[in-house]
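Each chain, written out:
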Amino acid sequence: MNILKTDQIKKIKICGKILADSLDEVKKKVRPGITTIELDELAEKLLRAKGCTPAFKGYYVAGAGTFPSTLCVSINDEIVHGIPSEKYILKDGDIISLDIGAGYNGIYTDMATTVPVGKISAEAARLLKLTEESLYIGIKQAKAGNRIGDIGAEIEPFAGKHHLGLIRDYVGHGIGPEPHLPPQIPNFGQHNTGAKIIENMALAIEPMLTTGGEDTVVDDNGWTVRTTDGSLAAHFEHTIIIENGKPAIVTK
Ligand code: MG
């Protein structure tokens, strides 16, 4: 259930702060020459040092298997669920999406950001800026009395207006005592449809946009999702709770 009780709200705020602080530290290490496994090791160390557990490491999905890492690291045309590796060395001009979840005394938070590696193209910079903006456009709709469909109903036309591809195969979700809970939160849809948004609800909102099309393909490893056309993808996510009728970001 993603409607939280008072003690759970306290925990989700602590968890979200630890997660955001940890991701901030990881972001500072992003530069050409570093491997993605080094970022993953740092992320795990930071979370555990502050009393959190990685939410994705060991996460099982039928058909894909068990996710091996703390961080999902998705580079350039990879959209989500990329696996950190000692083989991939970041290079100037890459964009890298870092998606991370944490558990704290039985309550979870989830967040993602896409950051530049060194100097990136104007096209990539525009994608990052607009994808982040689309997240806040979605969050603004997450208020008591609205419905889940209101979130995607604002993100979708925003992406269209800026001629960016909108990923439809992967969606946001409820969160709380488990990292992924109903309802699904698509980044497209119609106003005034879907579940009603109510006080103390915890939601993970996570638009993914591309510089090209909307089709996705999964690598042979069962996890890494990339754009079929090879276009660049970006991903921004926050966990929020509805407090005093309004969205409050906990992963900051
Ligand atoms: Mg998520």
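What you see is a predicted model; the values in this text were computed from it and never measured.

(A) A look at the overall build of the chain. Per the secondary structure count, the chain includes 4 helices and 17 strands. Since a compact globule built from 252 residues should have a radius of gyration of about 18 Å, the 17 Å found for the chain is in line with a globular shape. Along the first, second and third principal axes, the C-alpha atoms of the chain reach 45 × 45 × 35 Å. Across the 252 residues of the chain, 53% fall into the buried class. Sequence separation of 24 or more characterises 71% of the internal contacts of the chain that already satisfy a separation of 6 or more. For the chain, the computed accessible surface area is about 10,800 Å², with 53% contributed by carbon and sulfur atoms. When the 27 basic and 32 acidic side-chain charges of the chain are each reduced to a single mean position, those positions are 8 Å apart.

(B) Region of interest: the coordination of the magnesium ion. Note on the magnesium ion: its protein donors are Asp110 (OD), His173 (NE2), Glu206 (OE) and Glu237 (OE). The metal-donor distances range over 2.1 to 2.3 Å. Counting along the primary sequence, the residues that act as donors to the magnesium ion give the motif D-x62-H-x32-E-x30-E. Note that Asp110 is positioned in strand S7 (residues 107-116) and Glu206 in the loop between strand S11 (202-205) and strand S12 (208-210), a separation of 96 residues in sequence.

(C) Just the sheet that holds strand S14 (residues 225-227), in detail. On the basis of which strands lie adjacent, the open sheet formed by 3 strands has the order S5-S14-S13 and antiparallel pairing. The two strands at the open ends of the sheet, each matched to only one other strand, are strand S5 (78-80) and strand S13 (216-218). Strand-to-strand twist in this sheet, taken as the mean axis angle between neighbours without regard to direction, amounts to 40 degrees. Inspection of the sheet shows S13 paired to S14 by 3 bridges, in the antiparallel sense. Bridge pairing in S14 links Thr216 to Thr227.

(D) The environment of Val117, seen in detail. Mapped onto the secondary structure, Val117 falls in the loop between S7 and helix H3 (122-141). Taking C-alpha positions, Val117 is 29 Å from Pro157, a pair spaced 40 residues apart along the chain. Every residue in contact with Val117, bar those within four places of it in the chain, is listed here: Val30, Arg31, Pro32, Leu90, Lys91, Asp92, Gly93, Asp94 and Ile96.

(E) Expanded view of H3. Relative to the 28 Å expected for 20 residues at 1.5 Å per residue, H3 spans 29 Å between its end C-alpha atoms, a close match to the ideal helical length. Along H3, the residues that are buried comprise Ala124, Leu127, Leu128, Leu130, Thr131, Ser134, Leu135, Gly138, Ile139 and Gln141.

(F) Focus on the packing of helix H1 (residues 6-28) against helix H2 (residues 36-49). Viewed as axis vectors pointing N to C, H1 and H2 meet at an angle of 150 degrees, and their least axial separation amounts to 9 Å. The element H1 and its partner H2 pack so that their crossing is right-handed. The residues of H2 that touch H1, namely those facing Ile18, Leu19, Ser22, Glu25 and Val26, are Leu39, Leu42, Ala43, Leu46 and Leu47. Looking at the contact of H1 with H2 residue by residue, the class counts come to 8 nonpolar, 1 polar and 1 charged.

(G) Geometry of the sheet that holds S12. If you walk across this open sheet you meet the 3 strands as S8-S12-S15, and the pairing is antiparallel. One side of each edge strand has no neighbouring strand; the edge strands of this open sheet are strand S8 (165-166) and strand S15 (233-235). With 2 bridges joining them, S8 and S12 adopt antiparallel strand pairing. Counted as the bridge partner of Gly165 is Thr210 from S12.

(H) The arrangement of the UniProt feature "binding site: substrate" (unreviewed entry) in the chain in detail. Under the UniProt annotation, "binding site: substrate" (unreviewed entry) lies at His81 and His180. Maximum C-alpha separation among the annotated residues is 14.4 Å over a sequence range of 100 residues, consistent with a single clustered spot. In the annotated group above, the largest pocket draws its lining from His81 and His180. Checked against the element boundaries, His81 lands in the loop between S5 and strand S6 (95-104). For His81, a relative accessible area of 26% gives the class partly exposed. Residues contacting His81, with those up to four places away along its chain left out, are Phe67, Cys72, Ser74, Tyr170, Trp223, Thr224 and Val225.

(I) How the structure looks around the environment of Glu38. Residue position: Glu38 is located in helix H2. Residues Glu38 and Lys161, 123 residues apart in the sequence, show an inter-C-alpha distance of 38 Å.

What counts, and at which threshold
- Residues numbered from 1 in each chain as written.
- Predicted model: local features only at pLDDT ≥ 70, side-chain atom pairs only at ≥ 80, totals over all residues.
- Heavy atoms only, no water.
- Helix = DSSP H or I, 4+ residues; strand = E, 2+ residues; numbered from the N terminus.
- Rg over C-alpha atoms; globule rule 2.2 N^0.38 Å.
- Buried < 20%, exposed > 50% of the residue type's maximum accessible area, 1.4 Å probe, protein only.
- Contact = heavy atoms within 4.5 Å.
- Areas by Shrake-Rupley, 256 points an atom, 1.4 Å probe, with all protein chains shown as cover.
- Lys, Arg positive; Asp, Glu negative; His and termini not counted.
- Charge placed at Lys NZ, Arg CZ, Asp CG, Glu CD.
- Donors = N, O, S within 2.8 Å, 3.2 Å for Na, K, Ca; no water.
- Pairing = 2+ DSSP bridges.
- Axes fitted to C-alpha atoms, helices over the stretch in contact; angles between N-to-C directions.
- Expected span 1.5 Å × (residues − 1).
- Left-handed = near helix turned anticlockwise from the far one by under 90°.
- Nonpolar A, V, L, I, M, F, W, Y, C, P; charged D, E, K, R; others polar.
- UniProt positions renumbered as here; feature names shortened; annotations may be inferred.
- 1 Å grid on protein atoms, 1.4 Å probe; cavity = no way out; pocket = protein on both sides within 12 Å on 5 of 7 lines; lining within 4 Å.

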